[in-house]
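Residues per chain, in single letters:
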There are 2 protein chains.
Amino acid sequence: MRTTEFFIPTLKETPTDAVVISHQLMLRSGMIRKLASGLYTWLPLGLRTLRKIERIVREEMDKAGAIELLMPAVQPAELWQESGRWEQYGPELLRIKDRHQRDFCVGPTHEEVITDIARHELSSYKQLPINFYQIQTKFRDEIRPRFGVMRAREFVMKDAYSFHLNEDSMQQTYERMHTAYCNIFDRLGLNYRAVVADSGSIGGSTSHEFHVLAESGEDAIAFSNSSQYAANVEKAVALPDTTARPAATAELSKVETPNQHTITDIVSFFSVEPKQTLKTLVVHGNPDEQGNTTLVALVIRGDHQLNEVKAENIHSVAQPLTFASDAEIQAQLNCQPGSIGPVGLSIPIVVDHSAAHLADFICGANEDGYHYTGANWDRDCQYTTVADIRNVVNGDPSPCGQGELVIKRGIEVGHIFQLGAKYSKELNATVLDEQGKSVTMLMGCYGIGVSRIAAAAIEQKNDDHGIIWPDAIAPFQIGIVPLKMDKSEQVKTTTEQVYQQLTAAGFDVLLDDRDRKTSPGVKFAEMELIGVPHRIVIGDRGLAEGTIEYKHRSAEDSTTVPVSEIVDFFKDKITL
Amino acid sequence: MRTTEFFIPTLKETPTDAVVISHQLMLRSGMIRKLASGLYTWLPLGLRTLRKIERIVREEMDKAGAIELLMPAVQPAELWQESGRWEQYGPELLRIKDRHQRDFCVGPTHEEVITDIARHELSSYKQLPINFYQIQTKFRDEIRPRFGVMRAREFVMKDAYSFHLNEDSMQQTYERMHTAYCNIFDRLGLNYRAVVADSGSIGGSTSHEFHVLAESGEDAIAFSNSSQYAANVEKAVALPDTTARPAATAELSKVETPNQHTITDIVSFFSVEPKQTLKTLVVHGNPDEQGNTTLVALVIRGDHQLNEVKAENIHSVAQPLTFASDAEIQAQLNCQPGSIGPVGLSIPIVVDHSAAHLADFICGANEDGYHYTGANWDRDCQYTTVADIRNVVNGDPSPCGQGELVIKRGIEVGHIFQLGAKYSKELNATVLDEQGKSVTMLMGCYGIGVSRIAAAAIEQKNDDHGIIWPDAIAPFQIGIVPLKMDKSEQVKTTTEQVYQQLTAAGFDVLLDDRDRKTSPGVKFAEMELIGVPHRIVIGDRGLAEGTIEYKHRSAEDSTTVPVSEIVDFFKDKITL
């Protein structure tokens, strides 16, 4: 492609409404433009990357035996009513009415539609297992779309759904998809991890997320430093310390702590480590049989973070998890939130394992301006329940039993899931088995956030000059910058020849053929901004010695390559 | 692809709700399934064809210098309000509200969005001309979706939009697109015609439709038998006969015609030709300055059809064209609709040129049960206006001045259009010209109904056994049916070898590898139903002589091809 025949509207300034680097760089490099909140146009440059991601996903899905189809984006409400999700799904489901006032939605996902197809088209065990997929534009009416295409309302997704006679078959396809996903992310050239995810209300541990590792990732992931174990921190179990709790050595003492509210305040005031303090959070409890509700205290160590997913699963805690207001706490507990502690507290107390293992701790005295030091469980206070309600941290023992946990950040770009009979049962999707008996099919589902991958790849690799693309999904693999092409016949001829040769060899080449009104410096900067991984410069000085200058996007220095060897040079470097 | 690893759910019975042959065959061959009214899932077989059409369209658009991007399907109302179409567009525009009660639509077309992009990204004449396109799922909330994907609500379209500094440039890109469209439809292997279309309120003759010719086509197209002229019958001008009207020879005579209402009745009753009679239709007129409305009579020859588009453009006729009810006619004209005629008629009379050229005609007497014979204009009755308000018919002189018109039927699959400044003016999309003066850009737009092409191709070519695909868009180009593969080692080995060789040579091959439980007859019938254009049969009898049986889908008889030559045989036959 020649720059003069393409369209790359780069921006010099970073748009003010773009917070994350991928959003900034996608705007600046002319990959995307915002149409409205959460709605983006993929400009020509961005679309090239999007299509390359799609192609790799498609090829690996095909290789893994999945069969592509294409379902409508607009779906009738009836199917969602059958599955129960018309009511359950929140406002992220864009519900619409057609001209005849019939209810539809713009599909955020397609379990209902594919199950409807399966129940009509599949009748015998002989047709199973079968795995359908599509690559399609979906819509999720996010309350706060942000980060560009990372959390857009309209986005491109690959979603696959498999159907099975039994669990063994479901497990086999699940493993095949796990492998296919690894192949996909390998080919995309991304540093990623498959991570154990909680399968929530479905049961079993049969769900994995695929995360692209990047410091800016929204999700924290816990890895074992000596096994394959990896889990979303939301779901990683914090193993309890099985040793006996240290004995109490200090006396309980009430200390005046004027204006000391936070753990940071207290740690500094008493010159102790945070892990010697307790943090008490107050949330709403579940109503009892009479419908009465109480507040519930959640107690964790001062150096830990509450894990809201875990806390929400505690029986006495209301779902969804909601924190008591200052006013509610004042009314019921007669002090401010920063002064709560378990000693003498009149509401149920759920304490985290690590907090329950503490002796001689510091905590709020349930009286404004006072804290206790030397507090101890049993002797000075009691808890109602002990449970795992905190996020794991660096150095925690791995739940797999091997090694310690290391926390990194990731961007979720894929999720595979054993659905079991959740949808097939509601929609009555059955086949006849070998004995002629009607059985409900089991299902798996497998998603990849295609458009999100483009952003995740940028988050993972960029520098002050712009994007650094992996070869496989770079909009162009090779950039050519000729110097003074409109003055030097030799540069012009060689450039044209090299461009033709590289294009004919199958490489995606961007030739910056703009005339001298655009300086070489500007051309170099734009090649770097848009992240072209391989750049060659063709100029009279090099040509005098029969060479071209080559530089990889992430290399410091350039090297020279003989003109005659340029095609072979790239054949060695770039996997087509 | 192997049949056992693919999914082709064929149907033996023709679904009762499918009226046209393409809809029937797409359902029966397992290409599509209905999800809801006007919403179809593209099953794996259908999707293969859809993707091939997309690829050809994309390649030719790229070749013609258009640049692909991808705009959101969901569009904010504000842009449509700016262009005025939020109000103007009928209920086909699916208007929706997001969770914040903001107005959006699901895009049926993207003029507003692309013009918004252009006004932000294009600032100088140096960036022009530029032509953007996308291939995307669109939504049009048809009042009565029908004929499967032919008139669906959700459909795939290629839409392109070009931007220009001046009319010359717009004309050049228009011609380039005309050529690209011809290349596309040539490569698709379709019998098509480019047809002059009316550009409606925009002015100029700068609009062409592309029609796939098929007897079942919804549109009638008029061709000259001795020039390149072709136009949609809706828009083809019926030239007036410039000779003098024949003189009156008969006496006006009122004849009792009990129960004779239609032209057929009258022609038979009087033993005359239809072209000697007049048909008078009564419609609503435009309100006058006082806001009073009257009925208007439209008079055409008995053998002609009213052209509603032309009639609607007559000043005295109300838009949209609506026929008066029987009750309205009875109340105002004191007789039934089948008895109306111009003699003594008290409302404005718009008469077609050909009807105005008649002498000694038969017409209704404005009295139930009576007609006039020997009626003549001027002497017996007067008209208010003479105009072209009929459809052209076979044998009419071509409006181009050369030859006579021939009427054929077509399916509109493409439309190219010079928009001029219609959208760029409303949205204020300007650039600076060479003199630094701000000028409004001119635009062209160019659409292709990608999903509709699949149906149109089937309408054009099919037989009692099923679809007959052109090679270029067949889901599979070659079908292999091995005979008794599970019994004969030789058949099995050769089949596998031929399948591998043809696949490696780049052909799309479907190997029917189902075991003997599926009879060869069923396999042949399915290959024919799904329209595989080239079929080979591999059996022991042929292999004894080193040959394979070959048959083209539309040939009567099969021929034999040496096994060793099979790849070259297809390389000669099929363009890859």
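Everything numeric in this text was worked out from a predicted model, so none of it was measured.

What counts and what doesn't
One numbering rule holds for all chains: residues counted from 1, following each sequence as written. Labels are handed out in written order, letters beginning with A for the chains and numbers beginning with 1 for the ligands. Side-chain atom pairs in this predicted model are given and counted only at pLDDT of 80 or more, local residue features only at pLDDT of at least 70, and totals for whole chains, interfaces and linings cover all residues. Water and hydrogen atoms play no part in the side-chain values, which are based on all heavy atoms of the structure. Within this scheme, the nonpolar core is defined by two criteria: the residues are buried Ala, Val, Leu, Ile, Met, Phe, Trp, Tyr or Cys, and they are joined through side-chain atoms within 4.5 Å. Burial classes follow relative accessibility: with a 1.4 Å probe on protein chains only, a residue under 20% of its type's maximum area counts as buried, one over 50% as exposed, and anything between as partly exposed. Whether two residues are in contact is decided by their heavy atoms: any pair within 4.5 Å suffices. Superposing the copies works by least squares over the C-alpha atoms of residues that have pLDDT at least 70 in both of them. In summary, the pairing rule links any two rings of Phe, Tyr or Trp, Trp by its six-membered ring, whose centres are within 6.5 Å, and it sorts them by plane angle into stacked for under 30 degrees, edge-to-face for over 60 and tilted for everything else. Secondary structure follows DSSP: runs of H or I at least 4 residues long count as helices, runs of E at least 2 residues long count as strands, and numbering of each begins at the N terminus. Two parts placed together each lose some accessible area under a 1.4 Å probe, and adding up what both lose gives the buried area. By definition, a salt bridge exists where a carboxyl oxygen of Asp or Glu is found within 4 Å of a side-chain nitrogen of Lys or Arg. Identification of polar contacts relies on pairs of N or O atoms within 3.5 Å, with a donor-acceptor requirement for protein atoms, meaning one able to donate a hydrogen and the other able to accept it, and with residues adjacent in sequence counted only if both atoms are side-chain atoms. Charged means Asp, Glu, Lys or Arg here, nonpolar means Ala, Val, Leu, Ile, Met, Phe, Trp, Tyr, Cys or Pro, and polar covers whatever is left, Gly included. Two strands qualify as a pair provided DSSP detects at least 2 bridges between them. Residue ranges assigned to the domains are those given by an automatic or database domain assignment. Convention adopted: a line fitted to C-alpha atoms gives each axis, helices being fitted over their contacting stretch, and angles between N-to-C directions are expressed from 0 to 180 degrees. Left-handed describes a crossing whose near helix is turned anticlockwise from the far helix through less than a right angle; right-handed describes the clockwise counterpart. The arc in question is the one traced by the directions running from the helix axis out to the C-beta atoms.

As for the nonpolar core
Item 1. Ranked by size, the top nonpolar core spans 211 residues in total, and within it Phe163 and Phe185 of chain A together with Phe163 and Phe185 of chain B carry the most contacts.
Item 2. With residues near it in sequence (within four places) discarded, Phe185 of chain A still touches Leu190, Tyr192, Phe210, Val413, Ile448 and Ile453 of chain A.

Considerations on the relation of the copies chain B and chain A
Each of the two copies of the chain can be brought onto the other by a rotation about an axis and a shift along it.
Item 1. In screw terms, the move from chain B to chain A is a rotation of 180 degrees and a rise of 0.1 Å along the axis, fitting with an RMSD of 0.2 Å. The symmetry that links the two subunits is that of a two-fold axis. Looking at the rotation axis and the C-alpha trace of chain B, the residue lying nearest is Ile96 of chain B, at 3.1 Å.
Item 2. Both copies share a contact surface, since 100% of the interface residues of chain B are interface residues in chain A too.

Quick word on the packing of aromatic side chains
Residue and element names in this part refer to chain A.
Item 1. Within the structure shown, the criterion is met by 30 aromatic pairs over all chains.
Item 2. Relative to Phe270, the ring of Phe269 lies with its centre 5.0 Å away and its plane at 75 degrees, an arrangement referred to as edge-to-face.
Item 3. Assessed through its relative accessible area of 36%, Phe269 is described here as partly exposed.
Item 4. We classify Phe270 as buried; its relative accessible area is 19%.
Item 5. Measuring from centroid to centroid gives 5.4 Å for Phe361 and Trp377, while their planes differ by 45 degrees, and the two rings are tilted. In this pair, Phe361 is assigned in strand β17 (residues 361-364) and Trp377 in the loop between β18 (370-375) and β19 (385-387), connecting sequence segments 16 residues apart.

Quick word on unusual backbone geometry
Item 1. The residue after Leu128 of chain A, namely Pro129 of chain A, is reached through a cis peptide bond having omega -10 degrees.
Item 2. Looking at the element boundaries, Pro129 of chain A is found in the loop between α5 (111-121) and β7 (130-139).
Item 3. A positive phi is found at Phe147 of chain B, a non-glycine position, where the angle reads about 60 degrees.
Item 4. Structurally, Phe147 of chain B is set in the loop between β7 (130-139) and β8 (154-164).

Quick notes on the interface of chain B and chain A
Interfaces are often sized by the accessible area lost when the parts come together.
Item 1. On the chain A side, the residues contacting the 52 residues of chain B number 52 residues.
Item 2. The junction of chain B with chain A conceals about 4300 Å² of combined surface from both sides, 65% of it contributed by carbon and sulfur atoms.
Item 3. In this structure, the connection of chain B to chain A is made through six salt bridges.
Item 4. Arg51 of chain B is the partner of Glu68 of chain A in a salt bridge, and the nearest nitrogen-oxygen pair spans 3.0 Å.
Item 5. Joining chain B to chain A, the criterion identifies 16 residue pairs in polar contact (both at pLDDT 80 or more).
Item 6. Of all the elements in the fold, those that place two or more residues in the side of chain B that touches chain A are β1 (32-36), β2 (39-42), α2 (44-63), β3 (67-68), β4 (74-76), β5 (94-97), α5 (111-121) and β7 of chain B.
Item 7. Tallied by class, the residues present in the side of chain B that touches chain A amount to 33 nonpolar, four polar and 15 charged.

As for the pairing of strand β5 (residues 94-97) of chain A
Residue and element names in this part refer to chain A.
Item 1. Residues Leu94 and Ile96 line the buried face of β5, whereas the alternating positions Arg95 and Lys97 sit on a face that is not buried.
Item 2. As judged from the four bridges shared by β5 and strand β6 (residues 103-106), these two strands associate in the antiparallel manner. Bridge pairing in β6 links Arg95 to Cys105.
Item 3. Between the antiparallel neighbours β5 and β6 lie five residues, among them Gln101 with a positive phi of about 65 degrees.

Quick notes on the domain arrangement of chain A
Item 1. When its domains are assigned, chain A resolves into domain 1 (21-237 + 407-458), domain 2 (253-387) and domain 3 (478-573).
Item 2. Taking only C-alpha atoms into account, the centre of domain 2 of chain A sits 64 Å from that of domain 3 of chain A.

With respect to the packing of α2 of chain B against helix α12 (residues 450-460) of chain B
All names here are of chain B.
Item 1. Where α2 meets α12, the axes come as close as 9 Å, and the angle between the chain directions of the two elements is 115 degrees. Where α2 crosses over α12, the two elements pack in a sense that is right-handed. For the pair α2 and α12, the contacting residues are Thr49, Leu50, Ile53 and Glu54 in the first and Val450, Ser451, Ile453 and Ala454 in the second.

Looking at helix α7 (residues 263-270) of chain A
All names here are of chain A.
Item 1. Buried within α7 we find Ile263, Ile266, Val267 and Phe270. In a view along the axis of α7, the buried residues occupy a sector of 100 degrees, so they form one face of it. Facing away from the buried surface of α7 by more than 90 degrees, the exposed residues are Thr264 and Ser268.
Item 2. Elements that come into contact with the buried residues of α7 comprise β13 (253-256), β14 (278-284), β17 and β18.
Item 3. Positive backbone phi, at 50 degrees, marks Ser271, one or two positions downstream of α7.

Quick word on the pattern of salt bridges
Item 1. As enumerated under the stated definition, the model contains 79 salt bridges over all chains in all.
Item 2. Between Glu496 of chain A and Arg2 of chain A there is a salt bridge; the shortest N-O distance is 2.7 Å. In this pair, Glu496 of chain A sits in helix α13 (residues 489-504) while Arg2 of chain A sits in the segment before α1 (21-28), placing the two residues 494 residues apart along the sequence.
Item 3. The partly exposed category is assigned to Glu496 of chain A, whose relative accessible area is 29%.
Item 4. Connected through shared salt-bridge partners, Glu142, Arg146, Arg151, Glu218 and Arg452 of chain B make up one network.

Observations concerning the sheet that holds strand β6 (residues 103-106) of chain B
Residues and elements named next belong to chain B.
Item 1. Strands sit in the order β4-β6-β5 across an open sheet of three strands; the sheet is antiparallel. Here the strands that pair on one side only, and so sit at the sheet edges, are β4 and β5. The mean angle between the axes of side-by-side strands here comes to 40 degrees, regardless of whether they run parallel or antiparallel.

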